[in-house]
Structure formats: structure tokens, C-alpha cells
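An overview of the molecular structure
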Amino acid sequence: MRLLILILILVVAVPVLAAEDTLPSRFTERTEDLFTEYCLPGMQAAYIVGENAKFVTAVGLADSASRAPMTTETRLPAGSTGKTFLAAVVINLALRGVVDMDAPVSKWFEAEEGFEGEEWFDCVPNHEAMTLRLLMNHASGVPDHLSDAGWKAELDAILDAGEARRDDYIEPRESMAYVCGDTAMFAPGEGSLYTDTAYIIAGLVAEKATGRGFYEMAVEDFIQPLELDGILPANTRVIPNLGCGYMPADNPFGLPTSTLLPDGTMNHNPALEFTGGGFVTTTEDLARWMWLLYSGRLFPEPYLEDLLLNGHPLNPERFGEGVYGLAVFVQDSDWGEVRWHSGWYPGYQTMVRYWPEHDTLVAVQVNRDYDTQLAVIAAELAAIVLPASPAED
């Protein structure tokens, strides 16, 4: 009897264990809270802290019509964060001496003995003074073809044709026709204008310099060796395990309000993005990729200061103070320097931020392109992962 009473006392005295309070659990809980707060269809979020701590979670739906859940293996278009693959390709070529970042790119497009020129290049504003660095720092002065009414009219014609032109898209060189003869936005190096046009020209330079396709270089030189299986080129309508994206009826390109057909294929060809973006990703593999690139781990040779981070001042009215390097914004934050990039593709948004002083990265992707407040969401998740104050480490 005494033994039974003692056991009962011990059972009552042992406190009920609290829910597991770990960094992954806190990160997951905050992700779910933010997903609910912003009424998102689906969301993936990931973090990396140094060499040994990484985590990814997913919540919501990948497809609201079929009720398919968003998982950590769902692929989503990553928008302009895909520019980082062109940055890696070009850094690789620069390290090998194949390209000169500060030499005019005209040598790759003008006719020479034994070398066929390309007529479109001669009518691009500032073409004679363009360099890879100016193009990829968004400091070349070239206008943005996405803002051209003619380009939008051609896209409308493709979309209006429905099934007959479902696989058609405006190819990179064709896109250049829509800035041909335009007035430069500013003299080379004298301003800042974020454009996909500049990155498409830089992508064509990489192809001309090597005789290889851009996607061939990105996949064979980086994606496959690093086993980033969740990342694929966005150059076809048929993409395995692709989440459906959602956009408003008055979206800028006149697309349907959801991106997938009932058979799971895209209702337009995403190949039009090319080196302005050009990839679908899982958030886990996107986070690992950008952590490697932004932390200086991607190549054995030093490349951060002279190549990746050697940037041009941002337009402060749009982005605030800071510089844009090779596919990277570099600015100050509460936790010190932050290297980051966002991505927008119709129906999807992405945000990736890396704090070098803490070797910490946070990545978020959602399958809606409006009313997401993704910068706020990324900041809220960063507050879970990073020290409570800049002084702590």
C-alpha cells in the first residue's frame, strides 16, 4: 500500500512535458502562423545555419482545385532568383579566363573573319559600351523589353491562340527586337535600372563564348554535380510535381488567374524567361544553392569581392541604399550585411536572404503573386533563426 501511494505521488509530481521547443519546431510554427495570417494557398520555407543546421517545411495546398498538398518536394517557379545560375556560369567563365567582365561584349556579336555577327545587337541602346559587369549590375542603360507594348502584344497573340500556340514563346533574340532603336535609359555606368533584358544579353554572351547552351552549362556544371534534384530548367510546359500558381485577373501579362491546365501542364510556355530567371525549384534546394553561391563556397577560387559582390549602386528610390552585384542585392540590415534576391513569376513569389556574419540563410516560396508581403514573412522567419539582437552570435 505504501509503495502504491509513493508511485501515485511521483506520477502527480512529474510535470507534463511541454511541446518540443526546438528551432525546427519554432520555425514550423511561425511558418504556419504566417501562412494563415496572409491567407496563402501554399508556402515552403527553409533555413540554413552554417554547415550542420538546415530545415525545410511546407504548408497549405500546391493546387487549390485538386486539393493536392504543398510538400517540400513541390516545385515552384523561382523567378529572378534564377539569375543566380547565370551569375555562377559567368563567374566560372571569368575565373577560367574565357570572358572579361569589363571588356565590351560587342566582340561576341559583331561580324569578324570566320565569325558570323548578329544584326539585332547593333540596334540595342548602348551596345558599343556594354560589358558583362555593367549588364549584370543593371548599369548598362538598356531598356526593359517586358515594358514594351509590342512585346506584350506578341505575348497576347500567343495566349489568344490557345491550344494552337500553347508551346510558343518569345525567344531571347526576338525579345531584343522590342528594345531595338529605343533611347538608352542612361549612359553606361551612370544609373541603375533593373531589367531582364540585360540578363538575357549576358546569357547570350555566355552561350557565344562557350558554344554551349545556357541550360546545358547550368545543369551539367552545377545542378547535377551538386545533386540539386529539386531544381529544373523552366523551358517547357511539362514540369514534374509543379505547384499551381495564382494571380489576379488584372495581372500585367493578361494570363489566366491560375497557371496549370487540368492535366498539370502550364497554360503557357515559361521558356520566355530564359536567363532573366528560368528555373523551377524546391525551396530546400534553392536555399542550398544560394547559400553555396552567396557564402563563397561554390568555387574553390576566391570570387566574392571581385566578381559576385563587386556591384553598382542601387536606385535608392526603389531599393534603398546598397549595391547590386552579380545577381545579388547587398545591403545593411539589423543583423549586419545581407545578401539577397527576390523572385516574381506570374502566380508565384520567392525571397531568399543570407546574412554572412551569421552564415545563415532563410528562403520562402509561395504560389501566389499578390498580397503576399513576402519581405515581411522572410523577416519574421529570420527573427526565429537569427540571434535576438545583432550583438548576439
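Residues numbered from 1 in each chain as written. Predicted model: local features only at pLDDT ≥ 70, side-chain atom pairs only at ≥ 80, totals over all residues. Heavy atoms only, no water.

Quick look at the sheet that holds strand β5 (residues 232-233)
Within the open sheet, the three strands sit side by side as β4-β6-β5. Their pairing is antiparallel. Two strands in the sheet have a free side with no partner beyond their single neighbour: β4 (76-77) and β5. When β4 meets strand β6 (residues 279-281), the two strands line up antiparallel, connected through two bridges. Residue pairing in the sheet places P77 in a bridge with V280 of β6. (Pairing = 2+ DSSP bridges. Helix = DSSP H or I, 4+ residues; strand = E, 2+ residues; numbered from the N terminus.)

Looking at the packing of helix α3 (residues 83-95) against helix α9 (residues 283-295)
For the pair α3 and α9, interaxial distance at closest approach is 11 Å and the crossing angle is 45°. Taken together, the axes of α3 and α9 lie oblique to each other. Considering only the axes of α3 and α9, their crossing is left-handed. Across the interface between the two elements, T84, F85, A88 and I91 from α3 touch W289, M290, L293 and Y294 from α9. (Axes fitted to C-alpha atoms, helices over the stretch in contact; angles between N-to-C directions. Parallel < 35°, antiparallel > 145°, perpendicular 65-115°, else oblique. Left-handed = near helix turned anticlockwise from the far one by under 90°. Contact = heavy atoms within 4.5 Å.)

Re the state of the cysteines
The final tally for this structure, using the stated rule, is one disulfide. Residue C123 pairs covalently with C180 via a disulfide, S to S 1.7 Å. Judged by the torsion about the S-S bond (-125°), the C123/C180 disulfide is left-handed. Here C180 lies in the loop between α6 (172-176) and α7 (196-210) and C123 lies in the loop between α3 and α4 (132-136), a separation of 57 residues in the sequence. (Disulfide = S-S within 2.5 Å.)

Considering the pattern of salt bridges
Here the structure, examined in full by the defined rule, presents 16 salt bridges. Two residues, R30 and E380, come together in a salt bridge whose shortest N-O distance is 3.0 Å. On the criterion of sequence distance, the pair formed by R30 in helix α2 (residues 23-37) and E380 in helix α12 (residues 374-385) is long-range, its members being 350 residues apart. Residues E118 and R173 are paired through a salt bridge, measuring 2.7 Å at the closest nitrogen-oxygen approach. Placement of the pair is E118 in the loop between α3 and α4 and R173 in helix α6, with a sequence separation of 55 residues. The class for R173 is partly exposed, based on a relative accessible area of 34%. Because the salt bridges share partners, they merge into one network encompassing R212, E216, E220 and D221. (Salt bridge = Lys/Arg side-chain N within 4 Å of Asp/Glu carboxyl O. Buried < 20%, exposed > 50% of the residue type's maximum accessible area, 1.4 Å probe, protein only.)

As for the environment of F274
Locating F274 in the fold gives a position in the loop between β5 and β6. When sequence neighbours within four positions are dropped, the list of residues in contact with F274 reads P172, I200, G203, L204, E207, F214 and Y215.

Quick word on empty space enclosed by the protein
Across all of its chains, the model carries one cavity of 30 Å³ or more by this definition. Estimated volume of the largest cavity: approximately 40 Å³. Lining the largest cavity are N137, H138, S192, Y194, L314, F319, Y324 and F329. Grouping the amino acids of the lining of the largest cavity by side-chain chemistry returns five nonpolar, three polar and no charged. (1 Å grid on protein atoms, 1.4 Å probe; cavity = no way out; pocket = protein on both sides within 12 Å on 5 of 7 lines; lining within 4 Å. Points joined across faces, edges and corners; volume = space filled by probe spheres on them. Nonpolar A, V, L, I, M, F, W, Y, C, P; charged D, E, K, R; others polar.)

Points about a negative patch on the surface
A contiguous patch of negative charge, built from E29, E32, D33 and E37, is present on the exposed surface. Position of D33 relative to the elements: it lies in helix α2. The partly exposed category is assigned to D33, whose relative accessible area is 38%. (Patch = residues over 30% accessible without salt bridge, like charges linked within 9 Å, V, L, I, M, F, W, Y side chains within 5 Å. Areas by Shrake-Rupley, 256 points an atom, 1.4 Å probe, with all protein chains shown as cover. Lys, Arg positive; Asp, Glu negative; His and termini not counted. Charge placed at Lys NZ, Arg CZ, Asp CG, Glu CD.)

Section: the layout of surface pockets
Considering only enclosed or pocket space, the largest pocket measures out at about 740 Å³ in volume. Contributing elements (two or more residues each) for the lining of the largest pocket: α5 (149-160), α7, α11 (316-319), β10 (336-345), β11 (348-355) and α12. Counting residues per element, the lining of the largest pocket draws most heavily on β10, which supplies six residues. Among the residues forming the lining of the largest pocket, the class breakdown is 17 nonpolar, twelve polar and five charged.

A word on the confidence of the model for the protein
Overall, the predicted model of the protein reaches an average pLDDT of 92, with 92% of residues at or above 70. Between residues 1-19, whose pLDDT stays under 50, and residues either more than four places distant or in other chains, the model counts zero contacts. (pLDDT = per-residue confidence, 0-100.)

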